[in-house]
Amino acid sequence: NVGDYIEAVLDRNLAENISRVLYPNDNFFEGKELRLKQEYFVVAATLQDIIRRFKSSKFGCRDPVRTCFDTFPDKVAIQLNDTHPALAIPELMRILVDLEGMEWDKAWVITKKTCAYTNHTVLPEALERWPVHLFEKLLPRHLDIIYEINQKHLDEVAAMFPGDMDRLRRMSVIEEGDCKRINMAHLCVIGAHAVNGVARIHSDIVKNSVFKDFYDMDPPKFQNKTNGITPRRWLMLCNPGLADIIAEKIGEDFVTDLSQLKKLLDFVDDESFVHDIAKVKQENKLKFSAYLEKEYKVKINPSSLFDVQVKRIHEYKRQLLNCLHVITLYNRIKKDPSKVYVPRTVMIGGKAAPGYYMAKLIIKLITSVGNIVNNDPIVGDRLKVIYLENYRVSMAEKVIPASDLSQQISTAGTEASGTGNMKFMLNGALTIGTMDGANVEMAEEAGEDNLFIFGMRVEDVEALDKKGYNAKEYYDKIPELREAINQIRDGRFSPTEPDLFKDIVNMLMNHD
């Protein structure tokens, strides 16, 4: 009403920026101010709602009824899904101490009983470490609270391990250095009554390395909760043909209790049932082939082996390893075209974070290899390489039921759990993979002889790391590998830009 309408609208747009865009980084921390604002905004809004609802016991009633917070942890559970909502811990403390006038120690007991933390990654580049100067600017009161939480925590550590200065440094929430940082994972572990990993092997790594010092202090706090998927979307909805023939054999209870699928073991030698399952798979493959032809103008051989790797593009997921395999298959066909090969369509799909240069270069390599392989008359339809564009849930629902081979090939110890691995298995694809993430439990459930397990185990990776990994040793002793690397380096797949992939080769040879 004062007339400054334009300024008012401009201010509103600044505020709306907070919810305008979602950072698409996956397993990578980007310490941007807007991201911290978003994390605080969502936490603050949620906690205000939680506390309003706690205070008014009647549904829909806004009059405060409860004033005592003693029963808060009985009524409220806050599950910190990774460190992104870690600010819930200091924010709840701020509300209880500053606004509700509670004394610190009582507020801390309530906060800890209310919060639990799920860890989703052990990759160092993915862990949130916010610069202290950002907190000084944006969240000064929360910084005070975090310092206080840390001080009391370090006092406890010092009491348990007197004189162990290095342990104090390792366990602090505040990391000293050129730029002082707040380790959000440490804040979560300290402020939670339970911490879990998302697959057995991951939970073991959480206990034995990432949070070992914290585990030593309080072992029962650390647990495992292996991820799962919903049979509603990943079987009934996306593969009704398979769901129907399963239901005919064992009834419909498996929809809400997947362990019922064990009943199918009675029918492994039932020829008509096995034939029906194969028929459903072939129908799914025909359907997906038609979809690719319509949407992407790509023609594939529906009776070829569908060899599929769909997930975010990331070095640790090793789409590059898959690509080297494709190049090797191509070279084998070229060398001996008269030999009989099982026709194979390799499909790789997934998105890369906007700033992840290597991931984008890997996509470029895959599409470039595809251009050469797919247009080579000697190869014909024995090998095709398709990059699945704009991979997303709706495409996953189409490609997973059509897949024969599921690629789950991360370096052991890097994939916390994975759930794509489970979706493929539920839809009758065979898994080729490393002993990583939930592949371990899957191998246990299905019997290791029913998966194609290869590669190093976590212990082997650690041992090789200690010894020092030298890529050149492998390059020198494996001719087919050497040939593939040389072809990438010499521009075999980028004839107009021979140096296009030199960074990939440099990374593989010197920094992998």
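Residues numbered from 1 in each chain as written. Predicted model: local features only at pLDDT ≥ 70, side-chain atom pairs only at ≥ 80, totals over all residues. Heavy atoms only, no water.

Per an unreviewed UniProt entry, the protein chain is named Alpha-1,4 glucan phosphorylase, and its organism is Aquarana catesbeiana. For the record of the protein chain, the UniProt heading Catalytic activity (unreviewed entry) holds the text "[(1->4)-alpha-D-glucosyl](n) + phosphate = [(1->4)-alpha-D-glucosyl](n-1) + alpha-D-glucose 1-phosphate". UniProt's Sequence similarities (unreviewed entry) comment on the protein chain is quoted here verbatim: "Belongs to the glycogen phosphorylase family." (UniProt positions renumbered as here; feature names shortened; annotations may be inferred.)

Draft legend 1. A look at the overall build of the protein chain. Check the secondary structure of the protein chain and you find 23 helices and 13 strands. With respect to the principal axes defined by its C-alpha atoms, the protein chain has extents near 80 × 65 × 55 Å. In the protein chain, 69% of the contacts between residues at least 6 apart in sequence involve partners at least 24 apart. Taking the average location of the 68 positive side-chain charges in the protein chain and that of its 75 negative ones, the two points are 3 Å from each other. (Helix = DSSP H or I, 4+ residues; strand = E, 2+ residues; numbered from the N terminus. Contact = heavy atoms within 4.5 Å. Lys, Arg positive; Asp, Glu negative; His and termini not counted. Charge placed at Lys NZ, Arg CZ, Asp CG, Glu CD.)

Draft legend 2. Structural detail: the sheet that holds strand 8 (residues 305-310). Read across the sheet, 6 strands follow the order 10-9-8-11-12-13 without closing on themselves; strand pairing throughout is parallel. The open sheet terminates on both sides in strands that have one partner only, identified here as strand 10 (383-388) and strand 13 (452-453). Here strand 8 pairs with strand 9 (residues 344-349) via 6 bridges, running parallel. What sits directly across from Q309, in strand 9, is I348. In the packing of helix 15 (residues 319-335) onto the sheet, the strands contacted are strand 8, strand 9, strand 10 and strand 11 (405-408), and the crossing angle to strand 9 comes to about 155 degrees. In the packing of helix 16 (residues 357-374) onto the sheet, contacts are made with strand 9 and strand 10, and the angle to strand 10 comes to roughly 145 degrees. (Pairing = 2+ DSSP bridges. Axes fitted to C-alpha atoms, helices over the stretch in contact; angles between N-to-C directions.)

Draft legend 3. Inspection of the sheet that holds strand 7 (residues 222-224) at higher detail. Strand order across the open sheet formed by 4 strands is 1-2-6-7, with parallel pairing between neighbours. This sheet does not close on itself; its edge strands, each paired only once, are strand 1 (78-81) and strand 7. Strand-to-strand twist across the sheet, computed as the mean angle between neighbouring axes with direction ignored, equals 25 degrees. Sheet topology places strand 2 (residues 115-118) next to strand 6 (residues 195-197); 2 bridges connect them, and they run parallel. In the sheet register, Y117 faces strand 6, and the bridge partner there is V195. In the packing of helix 10 (residues 200-210) onto the sheet, contacts are made with strand 6 and strand 7, and the angle to strand 7 comes to roughly 165 degrees.

Draft legend 4. Expanded view of the pairing of strand 12 (residues 430-433). Residues T431 and G433 point to one face of strand 12 and are all buried, whereas L430 and I432, pointing to the other face, are not buried. Pairing of strand 11 with strand 12 involves 4 bridges; the strand directions are parallel. Residue S406 lies in a different strand from strand 12, and its bridge partner there is T431. Following the chain from strand 11 across helix 18 (residues 420-426) to the adjacent parallel strand 12, one finds a crossover that is right-handed. Regarding the hand of the β-α-β motif, the stretch spanning strand 12, helix 19 (residues 439-446) and strand 13 is right-handed. (Buried < 20%, exposed > 50% of the residue type's maximum accessible area, 1.4 Å probe, protein only. Right-handed = clockwise from strand over helix to strand, strands pointing away.)

Draft legend 5. Region of the structure containing the packing of helix 15 against helix 22 (residues 479-489). At a minimum axis distance of 9 Å, the contact between helix 15 and helix 22 shows a crossing angle of 105 degrees. As the angle between them shows, helix 15 and helix 22 are arranged roughly perpendicular. Where helix 15 abuts helix 22, its residues L324, I327, T328, N331, R332 and K335 lie against E480, L481, E483, A484, I485, Q487 and I488. Residues of the contact of helix 15 with helix 22, tallied by class, amount to 6 nonpolar, 3 polar and 4 charged. (Parallel < 35°, antiparallel > 145°, perpendicular 65-115°, else oblique. Nonpolar A, V, L, I, M, F, W, Y, C, P; charged D, E, K, R; others polar.)

Draft legend 6. Layout of the side chain of E415. With respect to the secondary-structure elements, E415 resides in the loop between strand 11 and helix 18. We classify E415 as buried; its relative accessible area is 14%. At a separation of 2.8 Å, a polar atom in the side chain of E415 contacts the side chain of Y316. A distance of 2.8 Å separates a polar atom in the side chain of E415 from a polar atom in the side chain of K317. In this view, E415 contacts K311, Y316, K317, S410, D436 and G437; residues no more than four positions away in its chain are not counted. (Polar contact = N/O pair within 3.5 Å; in protein donor to acceptor, adjacent residues only side chain to side chain.)

Draft legend 7. Fine view of the side chain of K317. Note on placement: K317 falls in the loop between strand 8 and helix 15. Here the side chain of K317 touches Y316 through a polar contact of 3.1 Å, side chain to side chain. For K317, the residues in contact, after removing those within four places along its chain, are Q309, K311, R312, I409, S410 and E415.

Draft legend 8. Examining the nonpolar core more closely. If you look at the biggest cluster of nonpolar residues, it comprises 69 residues, and the most contacted ones within it are F72, Y117, F135 and I182. Broken down by element, the residue count for this core peaks at 8 residues, all from helix 2 (residues 33-55). Here this core spans two domains, since at least three of its residues come from each of domain 1 (5-224) and domain 2 (301-510). With residues up to four places along the chain from it excluded, the contact list for I182 reads E128, R129, W130, V132, F135, L143, I146, V173 and I174. (Core = buried A, V, L, I, M, F, W, Y, C linked by side-chain atoms within 4.5 Å. Domains from an automatic or database assignment.)

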